[in-house]
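Descriptive analysis of the structure
Below are the chains, spelled out letter by letter.
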Number of protein chains: 2
Amino acid sequence: MGEFDLIRRHFQRAPSTHNAGAVVLGIGDDCALLQPRPGHQLAISSDMLVVGRHFFADVNPEALGHKALAVNLSDLAAMGARPLGFTLALALPHADDDWLSAFASGMFALADAHACPLVGGDTTRGPLNICITVFGEVLPDRALRRDAARVGDDLYVSGCTGEARLALEHLRGSDWAAAAQGADLRARLERPTPRNALGASLAEAGARAAIDVSDGLLGDLGHILLASGVGAELRVAWLPSAPALQTLPEKQRLECLLAGGDDYELLFTAPTSARAAVKAAAALSRTPVTRIGRTVAGSGVALRDEKGQTVPFEARSFDHFA
Amino acid sequence: MGEFDLIRRHFQRAPSTHNAGAVVLGIGDDCALLQPRPGHQLAISSDMLVVGRHFFADVNPEALGHKALAVNLSDLAAMGARPLGFTLALALPHADDDWLSAFASGMFALADAHACPLVGGDTTRGPLNICITVFGEVLPDRALRRDAARVGDDLYVSGCTGEARLALEHLRGSDWAAAAQGADLRARLERPTPRNALGASLAEAGARAAIDVSDGLLGDLGHILLASGVGAELRVAWLPSAPALQTLPEKQRLECLLAGGDDYELLFTAPTSARAAVKAAAALSRTPVTRIGRTVAGSGVALRDEKGQTVPFEARSFDHFA
C-alpha cells in the first residue's frame, strides 16, 4: 500500500463525520483552510511525541492515538480556547495496517468528543514520531495567559495530580509503587483527560492565569509565577490526593502530588471575587476543582502545612535534555 | 544546558526582531495567539522532515533550517496565502550548540525574509526529526485550491524544474549526472526558493488551481487534474529547461523535468482571459512564469511534442512507503 492510500484509508474521513464548523477545506490540498468566528483570536499549540521518551515502544496504539491528541487539547484548555481542528504529522518505521487502524481509532474518538477534526498533515517513513498541532479560538483578553496572575489571587487545581507518576513508577517496577495496581491507574498515564470544558468555562468566569500540569505541579506553577512576577503559598494539606496515593510513604506521596508529571490537570489563578464564578464553571464543566493556595508578593513557592509551617520539599522539573 | 535554556537561547528572540503583525502572543505560553485580519481565512500546512528520507545525515544544518521552513512556505504559496507565522517541533539526538545555532540561522533568515515569525513549538530528545507547521491568511474565494481548474484553462509553471533532481543524482554518484556540477545546482536541492510573492499575486490575478511541485511535475499535476475532474495537454517543448539539463540524454532530461521532485515551483492554471494578469503577477513578483499547456475535458495528462504528437514517458510519483 502506498503513502497516499495509507493516508486516505486511515485518516481521510467523509466530511459528514466531523464537525465542519470552522473548517472550510480539510485534508487533500496544499493547505487546510479554517474560518475562526469574527473577532476571535487563534490559539495554536504543537507537541512532538517520541518513542522511548513519551511512551513505551509496546504502548497500545489506540491509547497512543488518544494521548497524542489529548496533550495538545490540554494546551488549548490551559488557554481557555475552544478547539477548531488539528494537523497530524506522523513518521512510521513501516506502514502497519492494524497499528494505524488502532491509532486512528483512539485519536478520532477523542477528536469527535471535542468536535476537533483532523484538517491536514504529513506522513513519512522514519523512527516513530508523532507531531500534532492543534488550533482553537478565544476572545481577545479572555485567554488564560501565564503572565496574568496578580498578587492575592486564589490558586486552584482541577482533578488531582500524582496518579500518572505512580502508574509510571509501577510500570518501571519501583519498589515503593508495588502497592499500586489496577487498570484505572494506568489509564491515568496513558489516557489523560484534557480539561477543555473547564478551560473554556474559566475563561468566561474571569480566571486569570492558567497552565496545564504536564511536568509536575510545582514546576508548572513556577512558569506562571515567573511570567507573572509573583510568588505563591501552597497549602499541602489542601492538595487533592487520589485514593491510590494514600498508602504511599509521605515523601513519595508528595513527590507524586507535586512533581509527578503527565497529569494534564489545569492549574490556575482567579481573583477572590471570582470564587462563586469558578465554582459555577467547575459545576458547568462537571470537573472537580480545589483551591490549594494563593499568590503573594515576591517569587517562588512556599509550601505550608495546616499550621502555616514550611514543608520541606526539593522541587525538580522534568527536562528532556538534563 | 537544559531544555528550557536550549529553546530560549536559540529560538526565542526579542519581539522587536520579528514582524509582530498578526502575533498577539509568541513563544512561552501553552499556546501562541494569532489575530488574522478581519474577513480572512487561515491557511495551515504541516510537513515532517526525517533524516535519511528528506536529507542526508551530514547536511549543512544552516541549509536544513532553510529548507525545513521553505517547504512549508511553499505550501502557503501554492494556496495564495500570505505567511503569518509558524511553529517548530524538533527532536534531536543531543543538544549540539553549534548545530542548533546554524540551523536557527538558516531558518530565521528565511523567516525574516517572509515576515513569518516563529510563534511556538516543542523540543525533545530523539532521532533527528523536524516538524514545521505554518500559518497564513487568504481572502475567502481567492485561495488557489487544487479542485478549481476548469476545462480550457492555461497551464503554467514558475521557474524551471529538474535541477534539484539532477543535484540529487550527482550526490548519489549516478553516471548520467557526472557532467552536472557546481554549488548552484546543489543549492537548488538544499535551498529551494518558495514562490510566496508569486502565489499571493496569482490569487489576486484570478488564477484558479495551484500546487507546489514537490514530488515531480507530472505527479503533482495529476493531483490538480483528479481534484478538478479535468485532463491536460502538456507541451514538452514549452517546458523551461535549465542550462544544467541541456547536455543530458533526452530520457534523463525528461525524467528531471517531469518527475524530478524537490522543485518547489508553482504549477497553476488560469483562464485564458487572465493571461495579461498572470504576466503582470509574474513581473510584480519578479518570478519567471511559463505557459506549458492547457486543461482539457477528460482525465490524465497527454504529453505532446511541437507537432502535437504524443511523447512517450512513464510517470512515477515519489512515495515514501512504496
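Residues numbered from 1 in each chain as written. Chains lettered and ligands numbered in written order. Predicted model: local features only at pLDDT ≥ 70, side-chain atom pairs only at ≥ 80, totals over all residues. Heavy atoms only, no water.

What follows concerns the overall build of chain A. Summing up its helical and strand segments, chain A has nine helices and 12 strands in all. Taking 20 Å as the expected radius of gyration for a compact globule of 322 residues, we find that chain A reaches 20 Å, a close match to that expectation. With respect to the principal axes defined by its C-alpha atoms, chain A has extents near 65 × 50 × 35 Å. Residues classed as buried in chain A amount to 58% of the 322 residues present. In chain A, 85% of the contacts between residues at least 6 apart in sequence involve partners at least 24 apart. Here chain A displays about 12,700 Å² of accessible surface, and carbon together with sulfur accounts for 51% of that area. Looking at charge distribution, chain A has the averaged site of its 30 positive side-chain charges lying 7 Å from that of its 37 negative ones. (Helix = DSSP H or I, 4+ residues; strand = E, 2+ residues; numbered from the N terminus. Rg over C-alpha atoms; globule rule 2.2 N^0.38 Å. Buried < 20%, exposed > 50% of the residue type's maximum accessible area, 1.4 Å probe, protein only. Contact = heavy atoms within 4.5 Å. Areas by Shrake-Rupley, 256 points an atom, 1.4 Å probe, with all protein chains shown as cover. Lys, Arg positive; Asp, Glu negative; His and termini not counted. Charge placed at Lys NZ, Arg CZ, Asp CG, Glu CD.)

We now examine the relation of the copies chain B and chain A. Under the fitted operation, chain B is carried onto chain A by 0.0 Å of movement along the axis and a turn of 180°, and the coordinates agree to an RMSD of 0.0 Å. Taken together, the rotation angle and the small translation identify this as a two-fold axis. The fraction of interface residues of chain B whose copies in chain A are also interface residues reaches 100%, indicating that both copies meet through the same surface. (Least-squares fit on C-alpha atoms with pLDDT ≥ 70 in both.)

The subject of this paragraph is the sheet that holds strand S5 (residues 118-125) of chain A. Judged by pairing direction, the sheet is mixed, and its six strands sit side by side in the order S5(A)-S4(A)-S6(A)-S3(A)-S2(B)-S1(B) without closing on themselves. The open sheet is flanked by S5 of chain A together with strand S1 (23-25) of chain B, the only strands paired with a single partner. Across the sheet, the mean angle from the axis of one strand to that of its neighbour is 20°, orientation sign disregarded. Across two bridges, the pairing between S1(B) and strand S2 (residues 32-34) of chain B is antiparallel. Bridging across to S2(B), Val23(B) finds its partner in Leu34(B). Of the strands in this sheet, strand S3 (41-50), strand S4 (82-92) and strand S6 (129-138) of chain A together with S1 and S2 of chain B touch helix H2 (residues 61-79) of chain A, which is tilted by about 30° from S6(A). (Pairing = 2+ DSSP bridges. Axes fitted to C-alpha atoms, helices over the stretch in contact; angles between N-to-C directions.)

What describes two packed helices is the angle between their axes and the distance between those same axes. Residue and element names in this part refer to chain B. Running from amino to carboxyl end, helix H6 (residues 196-205) crosses helix H9 (residues 275-284) at an angle of 155°, the nearest separation of the two axes being 9 Å. Between H6 and H9, the crossing angle belongs to the class labelled roughly antiparallel. At the point where H6 passes H9, the crossing takes the right-handed sense. Side by side, H6 and H9 meet where Leu198, Ser201, Leu202 and Ala205 of the first sit next to Ala277, Val278, Ala281, Ala282 and Leu284 of the second. Taken together, the residues of the contact of H6 with H9 break down into eight nonpolar, one polar and no charged. (Parallel < 35°, antiparallel > 145°, perpendicular 65-115°, else oblique. Left-handed = near helix turned anticlockwise from the far one by under 90°. Nonpolar A, V, L, I, M, F, W, Y, C, P; charged D, E, K, R; others polar.)

For the rest of this paragraph, the subject is the interface of chain B and chain A. With 66 residues of chain B at the contact, the number on the chain A side is 66 residues. Taking both sides of the interface into account, the surface hidden between chain B and chain A amounts to around 5,300 Å²; carbon and sulfur atoms contribute 59%. Put simply, chain B and chain A have four salt bridges between them. Linking chain B with chain A are 19 residue pairs in polar contact (both at pLDDT 80 or more), by the criterion used here. (Buried area = accessible area lost by both parts, 1.4 Å probe. Salt bridge = Lys/Arg side-chain N within 4 Å of Asp/Glu carboxyl O. Polar contact = N/O pair within 3.5 Å; in protein donor to acceptor, adjacent residues only side chain to side chain.)

Bringing the packing of helix H2 (residues 61-79) of chain B against helix H3 (residues 97-113) of chain B into the picture now. Residue and element names in this part refer to chain B. Interhelical geometry of H2 versus H3 gives an angle of 40° and a closest axis separation of 6 Å. Handedness of the crossing formed by H2 with H3: right-handed. On H3, the residues that touch Pro61, Glu62, Leu64, Gly65, His66, Leu69, Ala70 and Leu73 of H2 are Trp99, Ala102, Phe103, Ser105, Gly106, Met107, Leu110 and Ala111.

Our focus in this paragraph is the domain arrangement of chain A. All names here are of chain A. Domain parsing of chain A yields domain 1 (3-138) and domain 2 (146-304). Using only C-alpha atoms to locate each centre, domain 1 and domain 2 end up separated by 26 Å. Contact residues are listed per partner, giving 19 residues for domain 1 and 18 residues for domain 2. Between domain 1 and domain 2, the buried area comes to about 1,500 Å², and carbon and sulfur atoms account for 57% of it. Applying the counting criterion to the domain 1 and domain 2 interface returns two salt bridges. With a closest N to O distance of 2.0 Å, arginine 191 and glutamate 62 form a salt bridge. Counting across the interface, domain 1 meets domain 2 through six residue pairs in polar contact (both at pLDDT 80 or more). Examining the composition of the side of domain 1 that touches domain 2, we find that 12 residues originate from one element, H2, more than from any other. For the side of domain 1 that touches domain 2, a count of residues per class yields 12 nonpolar, four polar and three charged. (Domains from an automatic or database assignment.)

Quick look at the packing of aromatic side chains now. Residues and elements named next belong to chain A. The final tally for this structure, using the stated rule, is five aromatic pairs over all chains. The interplanar angle of 10° and the centroid separation of 4.9 Å between the aromatic rings of tyrosine 156 and phenylalanine 268 together place this pair among those described as stacked. Placement of the pair is tyrosine 156 in strand S7 (residues 154-158) and phenylalanine 268 in strand S10 (residues 265-270), with a sequence separation of 112 residues. Stacked on the ring of tryptophan 238, the Lys or Arg arginine 235 has its end atom at 5.7 Å from the ring centre. (Phe/Tyr/Trp six-rings, centres within 6.5 Å; stacked < 30°, edge-to-face > 60°. Lys NZ or Arg CZ within 6 Å of the ring centre and 35° of its normal.)

On to the environment of Pro192(A). Here Pro192(A) shows up in the loop between helix H5 (183-190) and helix H6 (196-205). Spatially, the C-alpha atom of Pro192(A) lies 25 Å from that of Arg235(A), the residues being 43 residues apart in sequence.

A few words on the pattern of salt bridges. Counted according to the given criterion, the structure contains 38 salt bridges over all chains. Ionic pairing is found between Asp154(A) and Arg275(A), a salt bridge with its closest N-O pair at 2.7 Å. Placement of Asp154(A) in strand S7 and of Arg275(A) in helix H9 (residues 275-284) is noted, with a sequence separation of 121 residues between them. Asp154(A) gets classed as buried once you look at its relative accessible area, which sits at 2%. Note that Arg253(B) is salt-bridged to Glu250(B), the shortest N-O span being 3.0 Å. Of this pair, Arg253(B) and Glu250(B) both sit in helix H8 (residues 250-259), three residues apart, which is roughly one turn of that helix. On the basis of relative accessibility, which here comes to 14%, the residue Arg253(B) falls in the buried class. Judged by relative accessible area, which is 44%, Glu250(B) ranks as partly exposed. Sharing partners across several salt bridges, the network here consists of Glu163(A), Arg188(A), Arg195(A) and Glu265(A).

What follows covers the sheet that holds strand S10 (residues 265-270) of chain B. All names here are of chain B. Judged by pairing direction, the sheet is mixed, and its six strands sit side by side in the order S8-S10-S7-S11-S9-S12 without closing on themselves. Sheet topology places strand S8 (210-213) and strand S12 (300-304) at the edges, where each strand pairs with a single neighbour. Across this sheet, the average inter-strand angle for adjacent strands is 25°, counted without regard to direction.

All names here are of chain A. Among the structural elements, isoleucine 132 can be located in strand S6. With a relative accessible area of 0%, isoleucine 132 lands in the buried category. For the pair formed by isoleucine 132 and leucine 69, sequence separation is 63 residues and the distance between their alpha carbons is 6.7 Å. Contact partners of isoleucine 132, with chain neighbours within four places excluded, come to Ser45, Ser46, Asp47, Ala68, Leu69, Asn72, Phe86, Thr87, Leu88 and Met107.

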